[in-house]
Number of protein chains: 2
Amino acid sequence: MISFYPGPSRVHDEIPGYVQDAHELGVMSINHRSDAFMAISERTVSLLKQRLNIPSDYTIFYTSSATECWEIIAQSLITDKSYHLYNGAFGQKWHEYTQRLHSGATAVPFGVEEKLDPAKLTFPEEGVICITQNETSNGTQVPSALIKRIKKNHPQHLVAVDAVSSMAGIALDFKAADVWFASVQKCFGLPAGLGLMICSPQAIERSNHIAEKDHYNSLTFMTSMMTRWQTPCTPNVLGIYLLMRVLEDSENIKDTHEKTVARQEDWIAFLSERKKIAPLVSNGAVQSHTVVPVTGDADTLQHIKTLAKKNDILLGEGYGEWKSTTFRIANFPALKKKEIKKLMKILEKF
Amino acid sequence: MISFYPGPSRVHDEIPGYVQDAHELGVMSINHRSDAFMAISERTVSLLKQRLNIPSDYTIFYTSSATECWEIIAQSLITDKSYHLYNGAFGQKWHEYTQRLHSGATAVPFGVEEKLDPAKLTFPEEGVICITQNETSNGTQVPSALIKRIKKNHPQHLVAVDAVSSMAGIALDFKAADVWFASVQKCFGLPAGLGLMICSPQAIERSNHIAEKDHYNSLTFMTSMMTRWQTPCTPNVLGIYLLMRVLEDSENIKDTHEKTVARQEDWIAFLSERKKIAPLVSNGAVQSHTVVPVTGDADTLQHIKTLAKKNDILLGEGYGEWKSTTFRIANFPALKKKEIKKLMKILEKF
């Protein structure tokens, strides 16, 4: 089965071999306080910075999921006010989750085809500006340049970015924001069960100032543990090792970015030529590079899903309000050319 | 390297093969909302109940770690009062973690050689009684019968039990308490990154009554997700699959229990015959069955650790206040007879 689900999608073929190595090297039995673990953790952080072009003064943390990152931000970085820019289900969920902890969490919804205008986005009260860079539910994105502009207009605010289904798939300008987070089961091409959170010096400073220390995943505690490449609780050690191995094999994100963008452009061109199906989002300026939702009438979509399944292909179901009117195609780096061709072969009849 | 570290210790040799199966079956790419995941999750829960003799009306949850379980209990089951019975570092940590969220968290420390007397343990104010069944730092245990007695004396209180390094190694009387939690990297013989929390109907009822809904891991939310065999956030899907596979191969806990106890008795008899080393805990009534700490003078311990390392054996370091005066031997089911013999061969010279 080839999975085009936008996460978890295809994992790298090398994973079982890496697990075998982990077993032979005793990695599955190492203690998360040991030198052996710290060496793996340090190397993983170093590779993440190299491959993804993350500034050297940013701190990288391991979490159990992106959902946990929402909570860490709410607990350790938001005192009351946060502004949630979203146009889909995941950005909305982030707002809802934050609102449970802070009544000051404010929704700033916008349209699916709308390109945000940073000049119109002003947040006078200090707080955390929360942006879903890649909205997995509808395949839209907020470009890095726009995030940079928002941060530039609000240097005293923190900007936090959900890059769950884009990090490691496209080049992100990490300097443009203070907190970035992602899950490894999307563009990293790894099994689920590990999240990553990346913080600017300004975010770390803010967390130290707020000094929230009530939770095992309080950011101050996580920061002090990470000085020794460790986590407060037992992490997914095997997941971190697999991430390290996959990063060792990876090229720089600039090369991956080019391929991802070219493939997405191919998808859009291909879909635009179809009669019965079309890209859900038509504004090229806001189309995601890593998730391509396809719309059509219900019968056609059902027909395509059945055909795909027969050919051992799993498509992503529609999500949230686009549940019945779309299916989604992951455009993640681990997917192979021939797999994409196989799916196109099926879709070209529509 | 053979790891006798009391968690993560030896993992089952079958793990790499199971990962290969997972890759071939597409398990590493399945969505945690899919039927395929729900089937694995349901089967894992069912096997846990069968193999460990967990009452059918108890609910089993997946968490990221045992530390997360401490926080879930503090957030969703403790309103103010909790009583923490401990004699070692992990029980003490549980108390400290809870105290950050509730000023009413009360420490009830006791001695390492002390067998608790349930008649003297009375907690008039309603709250959660927290017991570390197996204290990994010093290799002591609170027997199930004693926990049962404490619960019987306090039917209105909830009793929560940390069984991190004993669950799946010895038979626990789950009916004797309301909440049990463990990590799979100990007696389950699996790679780290997955915790289990097991709740009685009374615990679920209490969480529904308290109705804490602020966190992604609020117990009410977890309970409602688990009716569909799901979790609020993306879980360690591969870890759950590996747990299912290992449980499929496992015998009933009663058989494992007998072997664990026999092996622990062998260890104690063996250590008692040594001249330079001895079991840390001498009271047989409180000795752990799964973690055997060994004491001796500093030079002897250092000598043994060096020798063990030369023979590709990793011993558990001392922990907390026993850091420099002990090393620890995991007595976990995944360890093989010949591996134990190999370690005994080294230790018999002391």
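Residues numbered from 1 in each chain as written. Chains lettered and ligands numbered in written order. Predicted model: local features only at pLDDT ≥ 70, side-chain atom pairs only at ≥ 80, totals over all residues. Heavy atoms only, no water.

Chain A is annotated in an unreviewed UniProt entry as phosphoserine transaminase from Chryseolinea soli. The Cofactor (unreviewed entry) comment attached to chain A in UniProt states, word for word, "pyridoxal 5'-phosphate". Entered under Pathway (unreviewed entry) in the UniProt record, the comment concerning chain A runs "Amino-acid biosynthesis; L-serine biosynthesis; L-serine from 3-phospho-D-glycerate: step 2/3." (UniProt positions renumbered as here; feature names shortened; annotations may be inferred.)

**Q** What exactly am I supposed to notice about the overall build of chain A here?
**A** Counting its regular elements, chain A contains 11 helices and 15 strands. C-alpha atoms of chain A, sized along the principal axes, occupy 60 × 55 × 30 Å. Put simply, chain A has 350 residues, and 64% of those count as buried. In chain A, once contacts between residues fewer than 6 apart in sequence are set aside, the share between residues at least 24 apart is 72%. (Helix = DSSP H or I, 4+ residues; strand = E, 2+ residues; numbered from the N terminus. Buried < 20%, exposed > 50% of the residue type's maximum accessible area, 1.4 Å probe, protein only. Contact = heavy atoms within 4.5 Å.)

**Q** I would appreciate a short explanation of the packing of helix α9 (residues 253-272) of chain A against helix α11 (residues 337-347) of chain A in the present structure.
**A** Packed helix pairs are specified by the crossing angle of their axes together with the interaxial distance, meaning the distance between the axes. All names here are of chain A. Two numbers describe how α9 lies on α11: the axes approach to 12 Å, and their chain directions differ by 10°. The orientation of α9 with respect to α11, classified from their angle, is roughly parallel. Residue-level contacts link Arg 263, Asp 266, Trp 267 and Phe 270 of α9 to Lys 337, Ile 340, Leu 343, Met 344 and Leu 347 of α11. Grouping the constituent residues of the contact of α9 with α11 by class yields six nonpolar, no polar and three charged. (Axes fitted to C-alpha atoms, helices over the stretch in contact; angles between N-to-C directions. Parallel < 35°, antiparallel > 145°, perpendicular 65-115°, else oblique. Nonpolar A, V, L, I, M, F, W, Y, C, P; charged D, E, K, R; others polar.)

**Q** Looking at this structure, how should I read the domain arrangement of chain A?
**A** All names here are of chain A. In terms of domains, chain A is made up of domain 1 (2-8 + 252-347) and domain 2 (15-249). The gap between the C-alpha centroids of domain 1 and domain 2 is 26 Å. Listed as interface residues are 27 residues of domain 1 and, on the opposing side, 31 residues of domain 2. Between domain 1 and domain 2 we count zero salt bridges in total. Listed by contribution, the elements that provide at least two residues to the side of domain 1 that touches domain 2 are α9 and β12 (291-296). Here the side of domain 1 that touches domain 2 takes five residues from α9, the largest share from any one element. When the residues that make up the side of domain 1 that touches domain 2 are grouped by side-chain class, the tally is 14 nonpolar, 11 polar and two charged. (Domains from an automatic or database assignment. Salt bridge = Lys/Arg side-chain N within 4 Å of Asp/Glu carboxyl O.)

**Q** Honestly, the interface of chain A and chain B in this entry has me stumped. Any pointers?
**A** It is common to give the size of an interface as the accessible area lost on bringing the parts into contact. Taken residue by residue, the interface counts 43 residues in chain A and 43 residues in chain B. With both chains or domains summed, chain A and chain B bury close to 3700 Å², and 58% of this area falls on carbon and sulfur atoms. On the chain A side of the contact with chain B, Met 28, Ser 29 and Tyr 216 of chain A bury the most area, a combined 16% of that side's loss. For the pair chain A and chain B, the number of links is zero salt bridges. Linking chain A to chain B there are seven residue pairs in polar contact (both at pLDDT 80 or more). Only α1 (15-25), α3 (66-76), α4 (89-101) and α8 (237-249) of chain A provide two or more residues apiece to the side of chain A that touches chain B. The element best represented in the side of chain A that touches chain B is α1 of chain A, accounting for five residues. The residue makeup of the side of chain A that touches chain B, split by class, is 18 nonpolar, 18 polar and seven charged. (Buried area = accessible area lost by both parts, 1.4 Å probe. Polar contact = N/O pair within 3.5 Å; in protein donor to acceptor, adjacent residues only side chain to side chain.)

**Q** Help me out: how do you make sense of the sheet that holds strand β8 (residues 158-162) of chain B in this one?
**A** Within a beta sheet, neighbouring strands are joined by backbone hydrogen bonds and run either parallel or antiparallel to one another. All names here are of chain B. Strand order in the open sheet made by the seven strands is β2-β10-β9-β8-β5-β3-β4, with mixed pairing throughout. Looking at the sheet topology across the chains shown, the edges are occupied by β2 (59-63) and β4 (105-109). Averaged over neighbouring strand pairs, the angle between their axes works out to 20° when direction is ignored. Of the strands in this sheet, β2, β5 (128-132), β8, β9 (179-183) and β10 (195-199) are in contact with helix α3 (residues 66-76), which crosses β9 at around 155°. (Pairing = 2+ DSSP bridges.)

**Q** So what exactly am I meant to see when it comes to the relation of the copies chain A and chain B here?
**A** One copy of the chain maps onto the other through a rotation about an axis followed by a shift along the same axis. Superposing chain A onto chain B takes a rotation of 180° combined with a translation of 0.0 Å along the rotation axis, leaving an RMSD of 0.0 Å. Seen this way, the second copy is the image of the first under a two-fold rotation axis. If distances are taken from each C-alpha of chain A to the rotation axis, the shortest is found for Ser 64 of chain A, at 3.1 Å. Of all interface residues in chain A, 100% are interface residues in chain B too; the two copies therefore contact each other through one and the same surface. (Least-squares fit on C-alpha atoms with pLDDT ≥ 70 in both.)

**Q** Is there a simple way to explain helix α6 (residues 201-210) of chain B in this structure?
**A** Each α-helix turn comprises 3.6 residues. Residues three or four places apart therefore point the same way. Residues and elements named next belong to chain B. Within the span of α6, buried status applies to Ala 203, Ile 204, Arg 206 and Ser 207. Buried residues along α6 cover an arc of 160° about the axis, so they all sit on one side. Summarising the geometry of α6, the exposed residues directed more than 90 degrees from the buried face are Glu 205 and His 209. Among the structural elements, β2, α3, β8, β9, β10 and α7 (219-226) are those in contact with the buried residues of α6. Directly after α6, the chain includes Ala 211, whose backbone phi takes a positive value near 55°. (Arc of directions from axis to C-beta.)

**Q** Can you help me understand helix α5 (residues 144-153) of chain A in this one?
**A** Residues and elements named next belong to chain A. All buried positions along α5 are accounted for by Ser 144, Leu 146, Ile 147, Ile 150 and Lys 151. Angularly, the buried residues of α5 cover 160° about the axis, an arc narrow enough to put them on a single face. Of the exposed residues in α5, the ones pointing more than 90 degrees away from its buried face are Ala 145 and Lys 152. In this structure, the buried side of α5 is in contact with β3 (82-86), β5 (128-132), β8 (158-162), β9 (179-183) and α6 (201-210).

**Q** Is there a simple way to think about the side chain of Ser 165 of chain B in this case?
**A** Residues and elements named next belong to chain B. Of note, Ser 165 is situated in the loop between β8 and β9. At a separation of 2.8 Å, a polar atom in the side chain of Ser 165 contacts the side chain of Asn 134. In terms of polar contacts, Ser 165 uses its side chain to reach the side chain of Thr 136, at 2.8 Å. Not counting the four nearest positions on each side in its chain, Ser 165 is found in contact with Asn 134, Thr 136, Lys 186, Cys 187, Thr 290, Val 291 and Phe 332.

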